[in-house]
Amino acid sequence: MRRDGSRRADRSPSIPPADRSAARNLIVARAVAPVALVLLAGAAGLLLAERAPWLGVAGLTAVALALLAARCWTDRLRAGRLDALADRLAKLAEGDRTVPTPFVGQAGPVGRLADAVARLQQSALERELTATGTAVGDAALELQSRRLSDLIEGLGDAFYAMGRDWRITLWNAAAARFLELPREQALGAVVWDVFPDLAHGAFADSLRRCMASGQPEALQAASAVRPGRWLDWRVFATPTGIGVCFRDITDSKEAEIALRESERFRRLAMAAADIGAWELAPQSGALVWDERCQALWGLPARTDHQAWLNSLHPEDRDRAQAAVGAALDPKGDGAYAIEYRVIDARDGTERWLSVNGKALFAGGRATRFIGTAIDVTAQRRTSEELRSSEARLRLAMEVADIGAWDWDPATGTLVADARAKALFGLKPQDKPDFDQWRASVHPVDHARVEAAVGNAMTPGGDGRFEAEYRARGQDGVERWIAARGKALFDADQPVRFIGTAVDVTVRKRAEARREVLVNELNHRVKNSLATVQAIAWQTLGKQTDDAAARDALSARLAALARAHDVLTRHDWEGADLGEVVRQALAPFAAGDPGRFHISGPALRLTPKAALAISMALYELGANAARFGALSIPAGAIEVNWRIEGEQLELNWRESGGPPVKPPTHRGFGSRLIEQGLAGELGARTVLAFDQAGVTCAVFAPLAGVQAGDPKAHDL
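Numbers given for residues are sequential positions, taken from 1 along each chain in its written order. The predicted nature of this model means local features are confined to residues of pLDDT at least 70 and side-chain atom pairs, given and counted, to a pLDDT of 80 or more, with totals for whole chains, interfaces and linings taken over all residues. Hydrogens are left out, water is left out, and the side-chain values use all remaining heavy atoms of the structure.

Caption draft 1: View of the sheet that holds strand β16 (residues 493-503). DSSP calls a pair of strands paired once it identifies at least 2 bridges connecting them. For the purposes of this entry, the term helix denotes a DSSP run of H or I that reaches at least four residues, the term strand denotes a run of E that reaches at least two, and both are numbered from the N terminus. Taken together, the five strands give an open sheet; going across it, the order is β13-β12-β16-β15-β14, and neighbouring strands pair in antiparallel fashion. Single-partner strands in this sheet number two, and they are β13 (414-416) and β14 (464-472). Strand-to-strand twist of the sheet, defined as the mean angle between neighbouring strand axes without regard to direction, takes the value 25 degrees. Two elements, strand β12 (residues 402-407) and β16, share six bridges in a ladder whose sense is antiparallel. Note on β16: the bridge partner recorded for Ala404 is Thr500. For helices, the fitted line uses only the C-alpha atoms of the stretch in contact; every axis is such a line through C-alpha atoms, and the angle between N-to-C directions lies from 0 to 180 degrees.

Set out below in structure tokens:
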């Protein structure tokens, strides 16, 4: 392509066959006069030049052929040699570069002519290559220019360039938008004329320095053209002047300013609250903290984890180290909160610190560990004063004869006041541990007390402890102690177990005496019942010969006595239903207890319910012994009960006995069962005389018979 954009003509035009024939005829015509040959050769050359729009190798070759033909005529060259030469030159004239240049000797006029033709051909080729190279260079330059323009537009940042005369030579779209100046107005304008506000200030100084020295510069400053906007500038030298690249950083600058203000506020707040800040690098163990933390620990601004650990009170190191390990564990939440003592590395001052922190995780491991620390020594001193007031409370407890104890589960240390030590049989100067206290518990009560302690120390419970037991200490005196306490937990671990102890030996002795009296009363009641039995027998024996009446009266009085036995064993506060059933049926099970099948959950009866149910069961047993299942060896009795909601259901069933015949009238026993239970317990009784065996179902409200909470287990 030419510099003006037009294309060159094809360098290899096709020569018409007629012209080729004319040229060949010109060369091979040896009979024509030399002058005519020259004229014809010239005409052929002109003809070729006219047909092809170039004055290159073809035309010159034609002239050369004419001259060569004339010389050949003069030298009388042979026709065969001339024909070969003509064919080669004709192909060369057609643009065939594969045909070698005809070889002729360099001597003589023909050699000189051939040399001239070669030189002309080389010159034409060089001119063609030069023109082609120039066109390629122009195209490359144009392509490079377009690429540079695309690059400048694609920067994203605003960009413009100036020559050494401060005239704008480049101006991309981003610069036009931000500075609100179209490209056509900016290009060629002097920057100081377009933006007078830029002529002075730090930015103008930066431009002038870069123009003078060629050294790049960078700065961040508020825009002089767009007030309220912050710009990040880059100025650099170019071959013709300088270039400027800038971007709007207003949002990030405002965020930075807000962050700095927030940081300043945080620092002021922490300083006002006397709080220090620290950060531990979990991987390296490097520890960095502010001035307040430096003052609290007495360590430099940059230290390490081991130095921190060494600064802690020996009694708190393991606990503090464990808390750090838990916080840095990726399985946890990274929280860290603890109080411990530090010993100032400078003067040995001991302080209590409350330290809180948070570990940050990435990729399954802790990457940062930051937190705060505050001196709580004053609060701890207040706690000490509180303990002093507790001393006054202990004095009051001593007056009330109450001892206090405090057990540390971690160390096993037991702290007890003088009264508690006395109750445990320890000397005032003793420093007991939990094992010593355990050893003071009477062997009979040991398992029960251990179970109560274990329940109190179990996480998830209420932590309460209550037990009455016998204790025998180093003084050899046996005492009854009523102990009450509560376990305190930290992260589901018991950390304290505190409580009281009271000497209840006097009460226990009184209860023992009362038990003796109750037993004595029971004995006397039995004697009284025996007397009643004897009187009734003698009376009935004198007034009637009905021996059955006497036997019935005696048996009923004996059943009443057995029920009294059950109640007496439980201090007349109630009796277990299973025990009442067995005692009532004991006279009928003598010698063959396998005939009775008794089952049901534990249920503590009131004294009234125990007596009523005992008498009813005796009547059922007596009837079975006379007429029912117990009257023959194959018979059996099943007694079971269950609790359905708020109701007790008690069932009596006979089997294996003789066929049952319903009674013709209701006797005393039937009336006692149906009416007695209804009157005493508010129960509904269903008594049936089935042929297979007598059945009786008692439905009593649980509230009317229960003396305590039933425990669900089978007897």
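Caption draft 2: Spatial organisation of the pattern of salt bridges. Salt bridge, as applied in this entry: a Lys or Arg side-chain nitrogen positioned within 4 Å of an Asp or Glu carboxyl oxygen. One pass over the structure, following the stated rule, counts 25 salt bridges. Arg346 serves as the salt-bridge partner of Asp344, at 2.9 Å between the closest nitrogen and oxygen. Residue Asp344 is classed as buried on the basis of its relative accessible area of 2%. Residue exposure (1.4 Å probe, protein chains only): buried if accessible area is under 20% of the type maximum, exposed if over 50%, otherwise partly exposed. We classify Arg346 as exposed; its relative accessible area is 57%. Linking Glu644 and Arg642 is a salt bridge whose minimum nitrogen-to-oxygen distance equals 3.4 Å. Classification of Glu644 by relative accessible area gives partly exposed; the value is 43%. The class of Arg642 is partly exposed, set by a relative accessible area of 42%. In this structure, a network of salt bridges that share partners links the residues Glu315, Asp316, Arg319 and Arg341.

Caption draft 3: Region of the structure containing the pairing of strand β2 (residues 168-171). With three bridges connecting them, strand β1 (residues 158-163) and β2 associate as antiparallel partners. Its bridge partner being in β2, Met162 is matched across the sheet by Ile168. Between the antiparallel neighbours β1 and β2 lie four residues, among them Trp166 with a positive phi of about 65 degrees.

Caption draft 4: Quick look at the environment of Gly243. Here Gly243 shows up in strand β5 (residues 241-248). Spatially, the C-alpha atom of Gly243 lies 8.9 Å from that of Gly163, the residues being 80 residues apart in sequence. Beyond its immediate chain neighbours, meaning those up to four positions away, Gly243 contacts Phe159, Tyr160, Ala161, Arg234, Val235, Phe236 and Thr238. The contact criterion used is simple: two residues touch if any of their non-hydrogen atoms lie within 4.5 Å.

Caption draft 5: A look at the packing of aromatic side chains. Here the aromatic set is Phe, Tyr and Trp, taking the six-membered ring for Trp, and pairing holds for ring centres within 6.5 Å; pairs whose planes are under 30 degrees apart are stacked, those over 60 apart are edge-to-face, and all others are tilted. One pass over the full model with this rule turns up 20 aromatic pairs. The interplanar angle of 15 degrees and the centroid separation of 6.1 Å between the aromatic rings of Trp171 and Phe195 together place this pair among those described as stacked. Taken together, the residues Trp171 in strand β2 and Phe195 in the loop between α8 (191-194) and α9 (202-213) connect sequence positions 24 residues apart. Each member of the pair, Trp171 together with Phe195, is buried. An aromatic cluster is built from Tyr160, Trp171, Phe178, Phe195, Phe203, Trp233 and Phe246, whose rings are joined through pairwise contacts. It is Arg208 that lies over the ring of Trp192; its NZ or CZ is 4.7 Å from the centre. A ring is scored as having a charge over it whenever the NZ atom of a lysine or the CZ atom of an arginine sits within 6 Å of its centre and within 35 degrees of its normal. Above the plane of the ring of Trp480 lies Lys508, whose end atom (NZ or CZ) is 4.5 Å from the centre.

Caption draft 6: Local environment of unusual backbone geometry. The phi dihedral of Glu180 falls on the positive side, at around 55 degrees, and the residue is not glycine. The class for Glu180 is exposed, based on a relative accessible area of 62%. A positive phi angle, near 65 degrees, is found at Asp492, a position not held by glycine. For Asp492, the position within the fold is in the loop between β15 (478-490) and β16.

Caption draft 7: Representation of the nonpolar core within the structure. The nonpolar core is taken to be a set of buried Ala, Val, Leu, Ile, Met, Phe, Trp, Tyr and Cys residues, with the residues joined through side-chain atoms within 4.5 Å. Core analysis: the largest hydrophobic core is formed by 42 residues, its most contacted members being Leu605 and Trp652. Listing elements by their share of this core, those giving two or more residues are α20 (577-589), β18 (596-599), α21 (607-626), β21 (636-644), β22 (647-655), α22 (668-681), β24 (693-701) and α23 (702-705). Among the elements that take part in this core, α21 stands out by supplying ten residues, more than any other. Core analysis: the next-biggest nonpolar cluster, separate from the first, contains 31 residues, Trp171, Leu179, Phe203 and Leu207 among them.

Caption draft 8: Region of interest: helix α17 (residues 443-456). Across its 14 residues, α17 extends 21 Å between first and last C-alpha, which sits within 8% of the 20 Å expected from 1.5 Å per residue. Residues of α17 that are buried: Asp445, Val449, Ala452, Val453 and Ala456. At its buried positions, α17 is contacted by α16 (434-440), β14, β15 and β16. A helix is expected to span 1.5 Å for every residue after the first.

Caption draft 9: Molecular detail of the side chain of Arg341. Within the secondary structure layout, Arg341 lies in strand β9 (residues 335-343). When near neighbours in sequence (up to four residues on either side) are disregarded, Arg341 contacts Leu312, His313, Glu315, Asp316, Glu350, Arg351 and Trp352.

Caption draft 10: Region of interest: the confidence of the model for the chain. Scored between 0 and 100, pLDDT is the confidence that the predictor attaches to each residue. Chain-level pLDDT for the chain is 75 on average; 66% of the residues reach the 70-or-more range. Segment residues 26-60: pLDDT under 50, and 41 contacts once partners within four positions in sequence are set aside and those in other chains are kept. When the criterion is pLDDT under 50, residues 101-106 qualifies, and its contacts beyond four places in sequence or with other chains add up to twelve contacts.

Caption draft 11: Just a nonpolar patch on the surface, in detail. Residues Leu488, Val495 and Ile498 make up a contiguous nonpolar surface patch of roughly 190 Å² in combined accessible area. Note that Ile498 resides in strand β16. Patch members must show over 30% relative accessible area and no salt bridge, and they are joined within 9 Å when carrying like charges or within 5 Å when they are nonpolar side chains of Val, Leu, Ile, Met, Phe, Trp or Tyr. The protein chains shown are the only cover counted for residues, whose accessible areas, like all others here, come from Shrake-Rupley with a 1.4 Å probe.

Caption draft 12: Structural view of the packing of α20 against α21. Running from amino to carboxyl end, α20 crosses α21 at an angle of 30 degrees, the nearest separation of the two axes being 9 Å. Handedness of the α20/α21 crossing: right-handed. Listed contacts from α21 to Leu577, Val580, Val581, Ala584, Leu585 and Phe588 of α20 are Ala610, Ile613, Ser614, Leu617, Tyr618, Gly621, Ala622 and Ala625. Put simply, Ala, Val, Leu, Ile, Met, Phe, Trp, Tyr, Cys and Pro go in the nonpolar bin, Asp, Glu, Lys and Arg in the charged bin, and everything else, Gly too, in the polar bin. Class assignment of the residues belonging to the contact of α20 with α21 gives a composition of twelve nonpolar, two polar and no charged. What makes a crossing left-handed is the near helix being turned counterclockwise from the far one by less than a right angle; a clockwise turn instead makes it right-handed.

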